[in-house]
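Letter by letter, the chains look like this.
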Amino acid sequence: MCCNIRAVRDWHPAYTRSMLLLGIESSCDETGVALVESHGNALPLLRAHALHSQIAMHQAYGGVVPELASRDHIRRVLPLTETVLAEAGRSLAEIDVVAYTRGPGLAGALLVGAGVACALGAALGKPVLGVHHLEGHLLSPFLSADPPEFPFVALLVSGGHTQLMRVDGVGRYQLLGETIDDAAGEAFDKSAKLMGLPYPGGPWLAKLAEEGNATAFKLPRPLLHSGDLDFSFAGLKTAVLTQAKKLGTALEVNKADLAASTQAAIVEVLLKKSMAALEQTGLKRLVVAGGVGANRSLREQLNAACAKRGVRVHYPELHLCTDNGAMIAMAAAMRLQSGLVEASERYAFDVKPRWPMASLMTPEAPSRVPA
Ligand SMILES: Nc1ncnc2c1ncn2[C@@H]1O[C@H](COP(=O)(O)OP(=O)(O)OP(=O)(O)O)[C@@H](O)[C@H]1O
Ligand SMILES: [Mg+2]
């Protein structure tokens, strides 16, 4: 395979004027494909996106089955690519860069997106770019009708990650705090599973919580007063399990109260730590990204707390909170605009199932702010 790396700027003379990027996401249980167009340094625009969620397929197993996920990505990725091209009225030949999720995620699932992206790039003679999945989530609010401006504090709350970051620009990230065990999304999902709710439990638990009393059960707020910006949610799940066992057959009639109490505990910790991060950095802008960012109670409480402090808060569009191809195409476009990376014509690909976000940070930004 050709190992000649050529900068997209050299390859495409119109790079600084206009660029059409295809983004492919396949890190877990959603196949997402999107087209984003960027013009010079203006904020890139979403032209079309299509998504296939595998939730129904995995529901019978109570969680993601990696082999089934990979096989389904294979089935979906090309039809979804045809869909977005048709929706945007564009052809394959017009694509300038093919971006894909390189990691972190399930190895087999990532390999499908990476393989298709690199094959497409090679066949079209266009460069490819591997994108960090979490950077996709982080930059997804730039696709919203109310995009943020740098700098800001980012609360990244997804199924596998919970992090607070100071973000000064693309690639200029400082980790302020992160979970030392379970992620917030995991806390939602595991607690929901204990209550017998379907997979993935977060949205189900949130829906049930709307009918419950959030003060009915006293649940722990782990690390709330730790003085740092780290999180811990594993103990909360254990407390929910203990409470569910205590209730026994009475769980059914108390389920909404337990759901509301669980959600209140998670939201309070996320809220207080986010406010502490804003105070610590002195920044007046908060960006929330990742699937848990779709939670209504979290949004309401963050909105109220931020309004009191004169802080602007930004979210991704609701349908772009969980995994999607738009955030991958957007992150690729913004990375290329920043000049931090170059798309390449090296089509021999690898994936990074584990990929610390610290490796994306520019040398002048410390990977972690000293406490
Ligand atoms: N309304 C909601 N309330 C609470 N949690 C929610 C809601 N909607 C989605 N979630 C949770 O968001 C998570 C999925 O988000 P996302 O797709 O960003 O994570 P992921 O891709 O699985 O993980 P990662 O991005 O860390 O690899 C799940 O844990 C899901 O339960
Ligand atoms: Mg994700």
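What counts and how
Residues numbered from 1 in each chain as written. Chains lettered and ligands numbered in written order. Predicted model: local features only at pLDDT ≥ 70, side-chain atom pairs only at ≥ 80, totals over all residues. Heavy atoms only, no water. Helix = DSSP H or I, 4+ residues; strand = E, 2+ residues; numbered from the N terminus. Buried < 20%, exposed > 50% of the residue type's maximum accessible area, 1.4 Å probe, protein only. Areas by Shrake-Rupley, 256 points an atom, 1.4 Å probe, with all protein chains shown as cover. Lys, Arg positive; Asp, Glu negative; His and termini not counted. Charge placed at Lys NZ, Arg CZ, Asp CG, Glu CD. Near = heavy atom within 4 Å. Polar contact = N/O pair within 3.5 Å; in protein donor to acceptor, adjacent residues only side chain to side chain. Phe/Tyr/Trp six-rings, centres within 6.5 Å; stacked < 30°, edge-to-face > 60°. Lys NZ or Arg CZ within 6 Å of the ring centre and 35° of its normal. Pairing = 2+ DSSP bridges. Domains from an automatic or database assignment. Contact = heavy atoms within 4.5 Å. Buried area = accessible area lost by both parts, 1.4 Å probe. Salt bridge = Lys/Arg side-chain N within 4 Å of Asp/Glu carboxyl O. Nonpolar A, V, L, I, M, F, W, Y, C, P; charged D, E, K, R; others polar. Donors = N, O, S within 2.8 Å, 3.2 Å for Na, K, Ca; no water. pLDDT = per-residue confidence, 0-100. Axes fitted to C-alpha atoms, helices over the stretch in contact; angles between N-to-C directions.

### Quick look at the overall build of the chain
Here is step 1: Of the regular secondary structure elements, the chain holds 11 helices and 10 strands.
Here is step 2: Sorting the 371 residues of the chain into buried and exposed places 56% on the buried side.
Here is step 3: Approximately 15200 Å² of the chain is accessible, and the part contributed by carbon and sulfur atoms is 55%.
Here is step 4: The centroid of the 35 positive side-chain charges in the chain is displaced by 3 Å from the centroid of its 35 negative side-chain charges.

### Here's the deal with the site of ligand 1
Here is step 1: Taken together, 20 residues lie near ligand 1, and Ser158, Gly159, His161, Asp189 and Asp323 sit nearest.
Here is step 2: In the model, an oxygen atom of ligand 1 is placed 3.3 Å from a nitrogen or oxygen of the Gly185 main chain.
Here is step 3: When the free accessible area of ligand 1 is taken as 640 Å², the share hidden by the protein chains comes to 86%.
Here is step 4: Where the shell around ligand 1 is concerned, the elements lending two or more residues are helix H5 (133-139), helix H6 (184-194) and helix H7 (201-209).

### Section: the packing of aromatic side chains
Here is step 1: Tallied over the entire structure, the rule returns 4 aromatic pairs.
Here is step 2: Summarising the aromatic geometry, the rings of Phe142 and Phe152 are spaced 6.1 Å apart at their centres and angled 45° between planes, so their arrangement reads as tilted. With a gap of 10 residues between them, Phe142 in the loop between H5 and strand E6 (152-157) and Phe152 in strand E6 connect regions that are remote in the sequence.
Here is step 3: Among the residues examined, Phe152 registers a relative accessible area of 0% and is labelled buried.
Here is step 4: Look at Phe150 and Phe152: their rings are 5.4 Å apart centre to centre, the planes differ by 15°, and that puts the pair in the stacked class.
Here is step 5: For Phe150, a relative accessible area of 30% translates into the label partly exposed.
Here is step 6: Stacked on the ring of Trp355, the Lys or Arg Arg102 has its end atom at 5.6 Å from the ring centre.

### Quick look at the pairing of strand E8 (residues 172-178)
Here is step 1: Among the 7 residues of E8, 5 are classified as buried, and the element is accordingly described as predominantly covered.
Here is step 2: Judged from the 6 bridges that link them, strand E7 (residues 162-169) and E8 form a sheet pairing that is antiparallel. Paired with Leu164 across the strands is Gly177, a residue of E8.
Here is step 3: Adjacent in sequence and paired antiparallel, E7 and E8 are bridged by 2 residues, among which Gly171 carries a positive phi angle near 80°.

### Quick notes on the domain arrangement of the chain
Here is step 1: As assigned here, the chain comprises domain 1 (8-139 + 321-360) and domain 2 (148-315).
Here is step 2: Taken over C-alpha atoms, the centre of domain 1 sits 28 Å from the centre of domain 2.
Here is step 3: Facing 21 residues of domain 1, the contacting portion of domain 2 comprises 23 residues.
Here is step 4: In total, about 1600 Å² of surface goes out of reach between domain 1 and domain 2, with carbon and sulfur atoms giving 73% of it.
Here is step 5: The largest contributions to the domain 1 side of the interface with domain 2 come from Leu134, Leu138 and Cys321, which together make up 36% of the buried area.
Here is step 6: If you look at where domain 1 meets domain 2, you find 0 salt bridges.
Here is step 7: Joining domain 1 to domain 2, the criterion identifies 5 residue pairs in polar contact (both at pLDDT 80 or more).
Here is step 8: If you list the elements that add at least two residues to the side of domain 1 that touches domain 2, you get helix H2 (55-59), H5 and helix H11 (325-338).
Here is step 9: In the side of domain 1 that touches domain 2, the residues fall into 11 nonpolar, 7 polar and 3 charged.

### Quick notes on the coordination of the magnesium ion (ligand 2)
Here is step 1: Summarising the metal site, the magnesium ion (ligand 2) is bound by the protein donors His133 (NE2), His137 (NE2) and Asp323 (OD), whose distances to it range over 2.0 to 2.2 Å.
Here is step 2: The sequence pattern describing where the donors of the magnesium ion (ligand 2) fall on their chain is H-x3-H-x185-D. Here His137 and His133 lie together in helix H5, a separation of 4 residues that amounts to about one turn.

### Things to note about the confidence of the model for the chain
Here is step 1: Here the chain averages 94 in pLDDT, while 93% of its residues score no lower than 70.
Here is step 2: Counted against residues more than four places away or in other chains, residues 1-14, with its pLDDT under 50, gives 32 contacts.

### Focus: the sheet that holds strand E4 (residues 97-103)
Here is step 1: Spatial strand order, E3-E2-E1-E4-E5: 5 strands in an open sheet with mixed pairing. For this open sheet the edge positions go to strand E3 (45-53) and strand E5 (128-132), each flanked by a neighbour on one side alone. In this sheet, neighbouring strand axes are inclined to one another by 20° on average, regardless of whether the strands run parallel or antiparallel.
Here is step 2: As paired strands, strand E2 (residues 30-38) and E3 are joined by 8 bridges and run antiparallel to one another. Along E3, the bridge assignment pairs Leu35 with Ala48.

### Points about the pattern of salt bridges
Here is step 1: Going through the model one piece at a time under the given rule, you end up with 19 salt bridges.
Here is step 2: Residue Arg47 pairs with Glu37 through a salt bridge whose shortest N-O separation is 2.8 Å. Here the residue Arg47 occupies a position in strand E3, and Glu37 occupies one in strand E2, the gap between them amounting to 10 residues.
Here is step 3: Looking at Arg47, the relative accessible area reads 36%, which means it is partly exposed.
Here is step 4: The salt bridge involving Asp168 is made with Arg166; its shortest N-O contact spans 2.9 Å.

### Some points on the environment of Leu197
Here is step 1: For Leu197, the position within the fold is in the loop between H6 and H7.
Here is step 2: Sequence separation between Leu197 and Phe349 is 152 residues; the distance between their C-alpha atoms is 39 Å.
Here is step 3: The contact partners of Leu197, leaving out residues within four places of it in the chain, are Ala192, Trp204, Leu205, Leu208 and Lys255.

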